[in-house]
Amino acid sequence: MPPLFRPRHNTLAQISLFVVAAGAAGVPLGLMLYARTPYARGMQNPIEQPIQFDHRHHTRDEGIDCRYCHNTVDRSPAASVPQTQLCLNCHAQIWDKSPILEPVRESFFQNKPIKWTRVYQLPEFVYFNHSIHVNKGVGCVSCHGRVDQMAAVEKATPLTMSWCLECHRRPEANIRPVEEVTNMEWQPQGDPEEAGRAQAAKNNVATRTSCTTCHR
Amino acid sequence: MAAPQLDVRDPLEPVALIEGAAGHTDKTINDSLLAHVWRGAGKGWWACFAVALSLLGMLVISISWTLYKGIGTWGNNIPVGWAFGIINFVWWIGIGHAGTLISAILLLFQQKWRTSINRFAEAMTLFAVICALLFPLIHTGRPWFAAYWLLPYPSTNGIWPQFKSPLTWDVFAVSTYFTISLLFWFLGLVPDLAALRDSSQSKMKRTIYGMLAMGFRGSGRHWAEYKWSYVLLAGLSTPLVLSVHTIVSFDFATSVIPGWHTTIFPPYFVAGAVFSGFAMVMTWMIPARRFLGLKHVVTMKHLENMNKIMLVTGMFVSYGYLMEHFIAWYSGDPYEFAQFFYTRMRGPMKGIYWTMIFCNVIVPQIFWSKRWRTSIPVMWFASILINVGMWCERYNIVITSLHRDFIPSKWENYMPTWVDISLFAGTIGLFSTLFLLFLKFIPAVAVTEVKELRHELAHDPTADPVGETH
Amino acid sequence: MSCDDNHEARTKDRAKRRSLPIAGQTSSPKYWRSVEERDRTSPVPGAANEFAGGTFDVAQYGQEDGNGGNSVSRRGFMQVASLSTAMAAVGACTKPAHKIVPFVRRPEEVTPGNPLHFATAYGLDGYASGLLVESHEGRPTKIEGNPAHPQTLGATTSFEQSLTLSVYDDDRAKQIRSGTRPLAWRTFLAETAARTSQLGQNGGAGLRFLISPTTSPFLGDLRKRILDRFPSAKFVSYSSVADDGATDGTKLAFGKPLIARHKVASANVIVSLDADFLGEGNEQTRLSREFAARREPSRQMNRLYVVEPAMTITGAMADHRLRMPGGDVGAFLASLVSMMASRGIAALAPLASLTHGQRHWDPKWLVAVATDLERNRGNSLVIVGRRQPAAVHALAAALNVALGNLGNTVEYATPLTSDPTAGVAPLGTLVQEIAGGGVDTLVITASNPVYGAPVDFKLAKLLERVPNSIYFGLYEDETAAACKTMIPAAHPLESWGDLRATDGTVSIVQPLIAPLWGGIQEADVLAAFVGEGDVGAHALLKKFWKTQGKAPGDFDGTWERWLADGIVPGTAAPAEAGLTVDGQALAQAVAPALGAARQGMEIAFASDPKMYDGRFANSVWLQELPHPITKLTWDNAAMVSEATAKALNLEDGDVVEISYRDRRIDAPILRVPGHADDVVTLPLGYGRTGGEKVAAGIGFNAGELRFSDAPWFDRGVRLEKTERQIKFSITQDHWTMAPDGRETPPPVVSATIAEVLNPHSKFHTEVEDRRPDPEHPQPVIHKPVDYSGQPYKWAMAVDLNKCTGCSACVVACQSENNITTVGKENVRKGREMQWIRIDRYYTGSFEDPEVVTQPLACVHCETAPCEYVCPVNATVHSDEGLNEMVYNRCIGTRYCSNNCPYKVRRFNFLNYINDYSAARELGMNPDVTVRTRGIMEKCTYCVQRIERKRISTRIEGRMIQDGELLTACQQGCPTGAIVFGSLNDSNSKVSQLHADPRRYDLLYEIGTRPRTVYLARVRNPNPELGQPEKAGGHE
């Protein structure tokens, strides 16, 4: 009767054992890494909107302040996407024939809201409040990136909880004079650490990490 | 050279560990013990298997329903947040204790009589722990979350589980216990698997058993490594016997609920676990030895010893009950007092309490008598009663304590639903299914060790053939 | 973040961060973001700014909403509805393409993300309760009382709280129909126009209106104009729980129908005769506040005597309570009056002879009351309940006058309702007219009279005789089924109108949202009969008030102010002066009424604290709200005393056949401590058979036994035990407080005023043993956290001495925190979800117990047992000492609940939100996550309010002031029993209460260090009556 197993089977056995072990360790590890990739966070992915609205043009060429359109950002949890009415404040006069703006006019005259696609989506149990951040000197750019350089807006930050906590535990890095919040190019003077701490004190920043700060 | 007195049937003489050891050779033992593996499945086996499978079916259905609808399908409410789920968990974990105790501790104590029953008990340990593990998983109604939050890993949330919580400790305790028991059991199997490989007829069986045997060829080196690693694992798992149920008991002991908040729980739980574990082994062993023809290796001697252990652990448990009540009175805590002397004894669930007292305190006392200790039917019924009693004990701890705690305005009664009941019945089904499969494909007795024992008894005239001393 | 938890703990309010294009609001009403902002003026509508176009044209609103088709709002609503369903469809793990839907024209006062508060009013039986309604992007989400309103004083009842649920109720009638033929509003107007011209020929002889009692000057004017056009038409007011006894009584006493206005504040002694003035009625909220103000333990503390058949909220607060059949209350009062007369109160002399034979009550009691009243002449008050007949009211009036209480504790004024009485009598005449075939067109705006009217009227059958019957109601209810034409009514929160408070103050009722299902407003229906059905309620209302001369000069400006304030200044009506009682006449008048005692068991009807007369039957909140006394949910029961039950050998839940006169109904028995013997009390409002889905098949209809000559009580009912048994869903069973004699410390502490005022009494040691002692702090394992460094240290104090157990807080909490309901079965299993549990404890005998109610929500222990057992950190402590519950972290082990000694945690055993309608989701509070199954929840101290307030104040660069941040329960509480604030502010109200000598911690002995503490209940018994014995209490 021929032997059932040959020496090579030992190697086979050892390899398979190794594979099992490696898999057990590797798969979770891989998932953890994946969860941190920009892809998994939905970053670096310009979102197409019903209207080809170009932030570059409006903020830089026209120099319109963020708060002209997102005008509840400093008094409400929501920055609010502008009402159609607001677009027409200008576009009733300029580009009022442009085909690009057709949807806007349609929305206004047929009283149909424009349905924008959300770029920054927090889970519904996260209660983020724009007003307090803006009023304490967290710049738009800190979370939304260089919107003034985006043709179509894309998600610039991971929005993971640990990312939020980073700043809530050490806010200094992202605090600036309140009047500079919408400035996309602002840089702290001198040693950022120092300046940040000083500014935070000046703005009376008191970040909290209690759960109910964001989850209610 | 046979020792003739081995076959003497004098009631004053203790019974042998291997009946008719003289007549036996390694071969006969091999054949007799492997026979039930090679023998095709009989009608009886299929009948039992059918029953077990149908119960298993109920388990699948009730689990799916629970996960689909939520815990609302159970009888739980506020205040009774835990009920059958946790009772069954603790009950099964307890049952899972006999195996390790027998294999590890008795091994370290060189108790020869363990050899014929350890395989059996270890298998039951595994299956019991599997049944137990089901409940922590489903009792949140959303297991995908349990897995997601309970295990500590660097998540993108930047926060960790709560290591202060006994439930988190459970995760580690139980999973460790399961892993070690599995290894221990498998290691013990290896030589027998090799024996099966060598005696198997078809190529397929040979291949399968061969792979499982992991190339064990019985060379001196193999034996040496087998031996020391076996002892090593025994050493590893010994503390687990104590740790697992200790930690499980913390789930209750660390809380503030009258009836839970007590320091005696760890030892009392461990004793209870061994108690119920042996009872369960007994319940299955008695039919098994009869139907698998193992009477010559699983002798009255074994059964009697097990009964003695049950008697002892039963006393532990009774002492536990006694102390609970004593402390409740002595501490002067009105809530504790109310819990033990009113709610449990006279409350709406007093039936359960008194059943527990009867089964766990009264019943084991019969084992004082040699006559009953050695009577198969008596010990079999007793073992079943003890299983029931231990389940009632957990019911008392979990539900009776919860349903009436501090503020009377939020007392509620508890009523199990069909899901609760079929979950419980279902796990029994799962257990039986696994167990029957085990009996079908793996030698129920550690053949190697029996052979070894025979050699010891036969070759060493000084050796007490009965293995009383040591 | 896993997509799983994103999916599981999803906020149901999908519109949370979206500006909803519901502009159900005109631009004109001014709003407050908060109470203290009330007086700021907001820009005049359409003031030249870029949003002008976005504002909503008032006239257009009026008209469009007139035909139920307010274009903007309706479409807006549909969009939202479809949107939310779309979102619902989005799977868990795909990256959902969420949409942002901004306004096209944003109403200028709307700041997406910030709620607005609008002042309006609601009238249960005609009289106004001033409300402030919180509105998120045009969706009313929460009701608060209007602090400026003389009746509500900033508080609410559970009825008012439930409005934000009923406005989104999917069961509401949605289609105008004639028979089964759907009608457009304009078609209806056309047909009505045709008919009216016809009716006009004989002066509208066949035209009748059956309306709810109302104080609306505007509707009153419409009614006048209708009567001008149809001189022979008639209006009849009807409410099945009318106060006609009171008005008839004053007629007997003073010669003209008047209503009593009580001022409990200045009463040292209150004798309440079958009057649940703390639990129901037009003055409930104000009287509760005034009563509580006088319960401060001091020599000034008032004393309350209650005489009643069944335990009521007021009875539970009584210092002395005498139980007797409702029919005997009159006799009791008569004896009291004659006794007072015999004590030389001249004015009562003619009434001295009224004294009565039957004296089965304790004479000591009568004497004590008489003496007390005498002692407090001018500062005493006798209140009689709406159930009592005219004679009793008359006697009470005479007594009040004789005691010189007039003007001080009570005053009488002409009723403000368009008809003085709204009871059986006026309805009777109408019924006869119908029977006589004299009625051609009957317009019913009264609430469901077919269900509420006395059975002997057989209204449903009679209505068949009316060729053209038009019903105007919220639901396709019993009356709708009996009428030819059905007009779906606009909800009070969808309507324009006006109402007057008991003191006459006018409030303008303004809509919070355009009619969701094209409901029509009452004004439009009536206006149809003067050919103005298409003008629109708003326009008509404004036109009417323009002509009232209340606003000289800039009317629009003043109008704005009225809407903003919620009251029209200077509209209070003066009380009648110089009232006198003719004793002789009165004596003759009342003598027969108080005639000889009748025999047999008494049948008594009672309006229900949850269903009222059945008009709230479709509210899941109220159905599941535990009855303030019996803690019964989802059912009503025939309530009897222990003795009666024993005599008939009845147990709780035994179904009995109640036979009275020629009628029989089956009802389950419930024994109630403190109930009068030989009386069976039947709560109204259940056993509905209308189209309301929730109400269907719940309880029995006591109205089946209600006859026009005995609307409230009568003798001669029989109870036959049947074989059947039903299981009640009672949230608090009758467990004994010291079960089987266990010696655990009682959860509630109560004492007498004497004990409290005596610093050496055992009461003080009792409470001192149950609160922290700075010298000897309790041992704890961990070093206690020091919160003094924090800006705030939130805490709560509940004064059991003020809590009446009315349960307004429970519903307020439910509304604020999106708390779900679980249904009858699950309540029975012990899975109710209300965060506040009002524990009701009896002490003393089953016959004459003392009652203490204890609202219990999470007490936010500083050393919380729930926290360390949670394996996933889902419940943890905040830096300010809140015991936080993190829904999205919770995996549902229920370990925290097991380990909670107070058992105040609630678990979502099933996915209760599955059966929410899209509409109901709109009513959710967007600041609070809606919990799905498998999640634990509990009181959070309204953390969403804390955080909003924190942020707004931090932006203003200041601290939160004490009293500017109210929890929902605190704001809803009529008595101010609940106080919330920061302990780091030593001057805050809560700090003072924590230092109060009556303060004790529930379960102090466990060492949980609760942040919510209780102040012991104090009673003010009359020494002459001695101490009511405190036997082994039960609960």
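For the structure, see preceding data.
Everything in this summary refers to the structure shown in the same document. (Residues numbered from 1 in each chain as written. Chains lettered and ligands numbered in written order. Predicted model: local features only at pLDDT ≥ 70, side-chain atom pairs only at ≥ 80, totals over all residues. Heavy atoms only, no water.)

**Description of the interface of chain B and chain C**
This is how it is decided: The contact rule is simple, with two residues in contact once any of their heavy atoms fall within 4.5 Å. What gets called buried area is simply the loss in accessible area from a 1.4 Å probe that two parts show on being joined, summed for both. Whenever Lys or Arg places a side-chain nitrogen within 4 Å of a carboxyl oxygen from Asp or Glu, that contact is recorded as a salt bridge. Polar contacts here mean pairs of N or O atoms no more than 3.5 Å apart (in protein, one a potential hydrogen donor and the other a potential acceptor; neighbouring residues in sequence count only if both atoms are side-chain atoms). Put simply, DSSP H or I for four residues or longer makes a helix, DSSP E for two residues or longer makes a strand, and each gets a number counted from the N terminus.
With 61 residues of chain B at the interface, the matching set in chain C holds 63 residues. Together chain B and chain C conceal approximately 5300 Å² of surface at their shared face, both sides included; 55% is due to carbon and sulfur atoms. Three residues stand out in chain B for area buried against chain C, namely Ile78, Arg142 and Trp149 of chain B, and they jointly supply 14% of the buried area on that side. Taken together, chain B and chain C are joined by two salt bridges. Of the charged contacts in the structure, one is a salt bridge between Lys410 of chain B and Glu832 of chain C, with a shortest N-O distance of 3.0 Å. The interface formed by chain B and chain C includes 31 residue pairs in polar contact (both at pLDDT 80 or more). Listed by contribution, the elements that provide at least two residues to the side of chain B that touches chain C are α2 (43-69), α6 (143-150), α7 (166-199), α9 (220-253) and α12 (334-346) of chain B. When residues of the side of chain B that touches chain C are assigned to their parent elements, the largest contribution, six residues, is made by α6 of chain B.

**Considering the sheet that holds strand β37 (residues 999-1000) of chain C**
As a reminder of what qualifies: By definition, two strands form a pair when at least two bridges between them are found by DSSP.
With respect to topology, four strands assemble into an open sheet ordered β36-β29-β38-β37 (chain C), the strand pairing being mixed. Both edges of this open sheet fall to β36 (978-982) and β37 of chain C, since each of them pairs with a single strand only.

**Here's the deal with the pairing of strand β31 (residues 849-856) of chain C**
All names here are of chain C. What counts is decided by this rule: Type-normalised accessible area, obtained with a 1.4 Å probe on protein chains alone, sets the label of each residue: buried when under 20%, exposed when over 50%, and partly exposed for intermediate values.
Taking burial as the measure, the eight residues of β31 include eight buried ones, the bulk of the element. Here β31 shows a buried face lined by Pro849, Val851, Thr853 and Pro855 and a second buried face lined by Glu850, Val852, Gln854 and Leu856. Taking the residues between adjacent antiparallel strands as the criterion, strand β30 (residues 837-844) and β31 are bridged by four residues.

**Observations regarding the sheet that holds strand β2 (residues 116-123) of chain C**
Residue and element names in this part refer to chain C. The condition is simple: Axis definition: a line fitted to C-alpha atoms, limited for helices to the stretch in contact. Angles are taken between N-to-C directions and run from 0 to 180 degrees.
Strand order in the open sheet formed by three strands is β2-β3-β4, with antiparallel pairing between adjacent strands. The strands lining the two open edges of the sheet, one partner per strand, are β2 and β4 (139-145). Each adjacent strand pair in this sheet contributes to an overall mean axis angle of 35°, direction not counted. In this sheet, β4 lies alongside strand β3 (residues 128-136) in antiparallel orientation, the contact comprising six bridges. Considered in β4, the bridge of Leu131 is made with Gly145.

**Remarks on the side chain of His325 of chain B**
Residue and element names in this part refer to chain B. In this fold, His325 is placed in helix α11 (residues 300-330). At a separation of 2.9 Å, a polar atom in the side chain of His325 contacts the main-chain carbonyl oxygen of Tyr321. Side-chain polar atoms of His325 contact the side chain of Tyr353, separated by 2.9 Å. The residues touching His325, leaving out its near neighbours within four places in the chain, are Phe340, Phe341, Met345 and Tyr353.

**Considerations on the state of the cysteines**
The following threshold applies: Any two cysteine sulfur atoms lying within 2.5 Å of each other are counted as a disulfide.
Following the criterion strictly, the structure yields zero disulfides over all chains and no others. Its sulfur unpaired, Cys140 of chain A is 4.3 Å from the next cysteine sulfur, which belongs to Cys66 of chain A. Here Cys942 of chain C stays free of any disulfide, with the sulfur of Cys969 of chain C as its closest cysteine sulfur at 6.1 Å. A relative accessible area of 6% means that Cys942 of chain C is categorised as buried.

**Quick word on the interface of chain A and chain C**
Using the following cut-off: Throughout, the ten residues Ala, Val, Leu, Ile, Met, Phe, Trp, Tyr, Cys and Pro are labelled nonpolar, Asp, Glu, Lys and Arg are labelled charged, and all others, Gly among them, are labelled polar.
Between chain A and chain C, the residue contacts involve 51 residues of the former and 51 residues of the latter. For the pair chain A and chain C, the summed buried surface comes to about 4800 Å²; carbon and sulfur atoms form 52% of the total. If you look at where chain A meets chain C, you find three salt bridges. Summed over the shared surface of chain A and chain C, the number is 24 residue pairs in polar contact (both at pLDDT 80 or more). The set of elements that each furnish at least two residues to the side of chain A that touches chain C consists of α2 (38-41), α5 (84-91), α6 (102-109), β1 (116-117) and α7 (130-135) of chain A. Here the element with the most residues in the side of chain A that touches chain C is α5 of chain A; it accounts for four residues. Taken together, the residues of the side of chain A that touches chain C break down into 20 nonpolar, 21 polar and 10 charged. In terms of strand pairing, β1 of chain A meets strand β1 (residues 99-100) of chain C through two bridges, oriented antiparallel.

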